[in-house]
Amino acid sequence: MIQVEGLTKYYGETLALDNVSFQVNKGEILGFLGPNGAGKTTTMRILTGYMPPSSGQAKVAGFDVFKDSLQVRQRVGYLPETVPLYSEMTVHDYLDFMASIHQVTNREKAIDRVLEACGIGDVRDTIIGKLSKGYRQRVGLAQALIHDPEVLVLDEPTIGLDPRQITSVRQLIKSLGGERTIILSTHILPEVSQVCQRVLIINRGRIVAEDTTERLTAKLQGGLRIRLQFVQAPEDAETQLRRLEGITAVDKIAPNTFEVTCAPDVDKRNELASLAINKGWGLLEMHSLSMSLEEIFLQLTTEEETS
Amino acid sequence: MKNVYYIAKRELKAYFVSPIAYVTIAIYLAVMGGLFGFILYYSREATLRYVFLHGVSILFLVLVTQVLTMRLLSEEQRQGTLELLLTAPLRDWEVVLGKYLASLCVFLVMVILTGHFPLLLIRIGNPDKGTIFAGYLGYLLLGASLLSIGTFASSLTQNQIIAAILGAGIVLLLWLSGALGDIASGAFKGIVSYLPIFDHYIDFVRGVIDTKDIIYYLSLTLLFLFLSVRVIESRRWK
């Protein structure tokens with residue numbers, strides 16, 4: 001649905017995007033992760049036809065974002081980082097205006113649909129300037145949905161919301177996936193693991209990682225890590241564990257507590273459990289340790305800085 | 001063209017939601033009415049010529065047009081809503097033209113509301129209707145080009161006040177360019193003496209409708225609208 005190839009963008013002399021390429025399939029929710037100033041907004045602005053790239057090309061639904069800009073803009077719903085609202089208009093009038101400039105045929109029906117979807121029906125006739133931050137954000141989202149776009153580009157959609165609103169906006173975005181293709185930028189890491197199927201980590205204008213959240217975790221830590229705790233493990237438990245096939249490392253982190261790392265793409269949990277039971281060590285606890293997105297993120301972005 | 005209508009409609013509503021349009025129209029009618037009354041009282045002539053040519057009415061026209069246009073594009077940039085318009089399936093010129101037309105509508109309403117001046121003159125005297133018509137035509141054309149200059153000024157900045165001062169500055173510079181005509185020579189003199197923004201207006205007020213003058217104001221209007229579109233376009237390239 002979205003194809004980006006060798007996208008590069010200079011602001012004057014400053015390089016904002018450096019040869020960025022990626023793809024988003026139809027119905028996928030892609031998380032765009034990166035520190036502030038990494039190039040997330042720039043990428044999104046190019047995809048929405050706000051500005052052209054310096055070189056490279058991007059296609060949305062088969063249309064080039066620069067050459068067939070109007071075609072692309074008809075198919076994309078965009079929520080910029082600073083929610084663009086006319087503060088003197090009522091929610092209804094604002095959405096009506098947005099519907100009309102997107103050539104929506106049955107405007108009232110479209111307005112009712114997005115009011116319902118975003119849960120803002122109760123402020124339909126309120127002046128936007130009087131709305132709280134949470135409502136404004138949802139009006140912004142409603143605006144992006146008004147023409148029932150195939151592609152949604154959301155720049156930090158949960159910024160500035162309270163925890164309950166964040167949950168409801170995330171639910172909403174998740175429910176929109178499936179039929180729509182969504183790109184979502186954020187620097188809140190749990191958001192990505194909750195909402196997105198795939199993550200793209202960008203730093204200093206370059207993509208430093210791209211994969212599903214699970215695979216990215218596994219890849220970076222180089223294999224499954226398992227923590228084991230026993231009632232009573234013998235002195236040589238560490239050696240015995242290491243002798244198992246497919247185990248690459250064993251660390252004793254406390255008496256009777258070990259961290260075992262499996263070879264990539266190998267899951268030895270079953271074997272470990274049988275070993276502990278057969279030898280009568282008394283298995284108290286076993287769980288896989290996953291590297292959190294925070295760790296991945298920090299690892300990737302700091303590696304980048306030191307190189 | 002439909003998009004132009006949508007943009008203009010929203011803009012017109014915005015004018016009348018805020019007090020800007022009401023205050024501007026009210027003050028405009030008060031000042032012009034006062035001027036008309038005084039001139040009529042002292043001159044005892046059934047003509048609008050002195051009203052059209054009075055320094056107060058010309059300077060006030062500059063002020064009013066710049067106030068009407070100062071927020072058109074600057075406010076969109078400040079609020080971030082320009083990003084909304086530029087990522088909607090609209091062409092840049094549709095945005096600029098729609099906004100310009102909204103300001104032109106408000107201006108037209110203002111001018112139409114001075115319609116009782118000629119009606120009054122016709123009742124109490126015997127004015128030259130053709131001259132009055134020509135005067136109004138010149139006034140509208142001049143106003144239309146001043147609004148276009150104001151639109152251009154507001155495309156350049158996020159700040160309404162700067163936009164208004166910038167617009168007025170451009171108008172006054174175009175006015176001053178007449179002084180250059182006195183010291184210039186050759187082809188340059190020809191160009192410079194064609195430039196001054198109020199000179200062509202004087203012909204209309206005298207009752208002369210000259211195509212050259214109409215073309216002058218129309219091309220001035222188009223030029224500054226075109227420049228505004230280019231400025232908006234250039235935002236994309238930054």
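Reference entry: report on the structure contained in this document. (Residues numbered from 1 in each chain as written. Chains lettered and ligands numbered in written order. Predicted model: local features only at pLDDT ≥ 70, side-chain atom pairs only at ≥ 80, totals over all residues.)

Topic: the sheet that holds strand 2 (residues 14–24) of chain A
All names here are of chain A.
Here comes step 1: An order of 2-1-4-5 is seen for the 4 strands of this open sheet, with the pairing classed as antiparallel. Where the open sheet ends on each side, the last strands, each with one partner, are strand 2 and strand 5 (63–64).
Here comes step 2: For strand 1 (residues 2–11) and strand 2, the ladder comprises 7 bridges, and the chain directions are antiparallel. Within strand 2, the residue paired with tyrosine 11 across the bridge is threonine 14.
Here comes step 3: On top of the sheet, helix 1 (residues 40–47) reaches strand 1, strand 2 and strand 4 (55–60); it is set at about 120° to strand 1, its chief contact. (Pairing = 2+ DSSP bridges. Helix = DSSP H or I, 4+ residues; strand = E, 2+ residues; numbered from the N terminus. Contact = placed C-beta atoms within 7 Å. Axes fitted to C-alpha atoms, helices over the stretch in contact; angles between N-to-C directions.)

As for the nonpolar core
The nonpolar side chains of a soluble globular protein tend to be buried, and buried together.
Here comes step 1: The biggest cluster of nonpolar side chains holds 134 residues, and the ones touching the most others in it are A:Tyr94, A:Leu95, A:Val114, A:Ala142, A:Val153 and A:Leu184.
Here comes step 2: The leading source of residues in this core is helix 9 (residues 129–155) of chain B, at 11 residues.
Here comes step 3: Apart from the residues lying within four places of it in its own chain, the contact partners of A:Leu184 are A:Ile29, A:Gly31, A:Phe32, A:Leu154, A:Pro157, A:Ile173, A:Val195 and A:Cys196. (Core = buried A, V, L, I, M, F, W, Y, C linked by C-beta atoms within 7 Å. Buried ≥ 20, exposed ≤ 12 C-beta atoms within 10 Å, placed from the backbone.)

Observations concerning the packing of helix 3 (residues 91–101) of chain A against helix 1 (residues 2–17) of chain B
Here comes step 1: Closest axis-to-axis distance for the helix 3 of chain A/helix 1 of chain B pair is 9 Å, and the angle between their directions is 165°. With respect to each other, helix 3 of chain A and helix 1 of chain B are oriented roughly antiparallel. For the crossing formed where helix 3 of chain A meets helix 1 of chain B, the hand is left-handed. Across from A:Phe97, A:Ser100 and A:Ile101 in helix 3 of chain A, the residues of helix 1 of chain B making contact are B:Asn3, B:Tyr6 and B:Arg10.
Here comes step 2: The residue inventory of the contact of helix 3 of chain A with helix 1 of chain B, partitioned by class, reads 3 nonpolar, 2 polar and 1 charged. (Parallel < 35°, antiparallel > 145°, perpendicular 65-115°, else oblique. Left-handed = near helix turned anticlockwise from the far one by under 90°. Nonpolar A, V, L, I, M, F, W, Y, C, P; charged D, E, K, R; others polar.)

Some details on helix 3 of chain A
Here comes step 1: Listed as buried for helix 3 of chain A are A:Val91, A:Tyr94, A:Leu95, A:Phe97, A:Met98, A:Ala99 and A:Ile101.
Here comes step 2: A:Gln103 sits one or two positions beyond helix 3 of chain A and adopts a positive phi of about 55°.

Quick word on the interface of chain B and chain A
Here comes step 1: In this complex, chain B contributes 19 residues to the contact, which on the side of chain A involves 20 residues.
Here comes step 2: Among the elements that make up the side of chain B that touches chain A, the one with the highest residue count is helix 1 of chain B (5 residues).
Here comes step 3: Broken down by class, the residue content of the side of chain B that touches chain A amounts to 9 nonpolar, 6 polar and 4 charged.

Some points on the sheet that holds strand 7 (residues 151–155) of chain A
All names here are of chain A.
Here comes step 1: As summarised here, the arrangement of the 6 strands in space is 6-7-8-3-9-10, forming an open sheet in which the pairing is mixed. At either margin of the open sheet sits one strand with a lone partner, and together these are strand 6 (76–79) and strand 10 (206–212). Across this sheet, the average inter-strand angle for adjacent strands is 15°, counted without regard to direction.
Here comes step 2: Direction of pairing for strand 7 relative to strand 8 (residues 181–186): parallel, over a ladder of 5 bridges.

The quantities given are spatial measurements derived from coordinates; they are silent on function.
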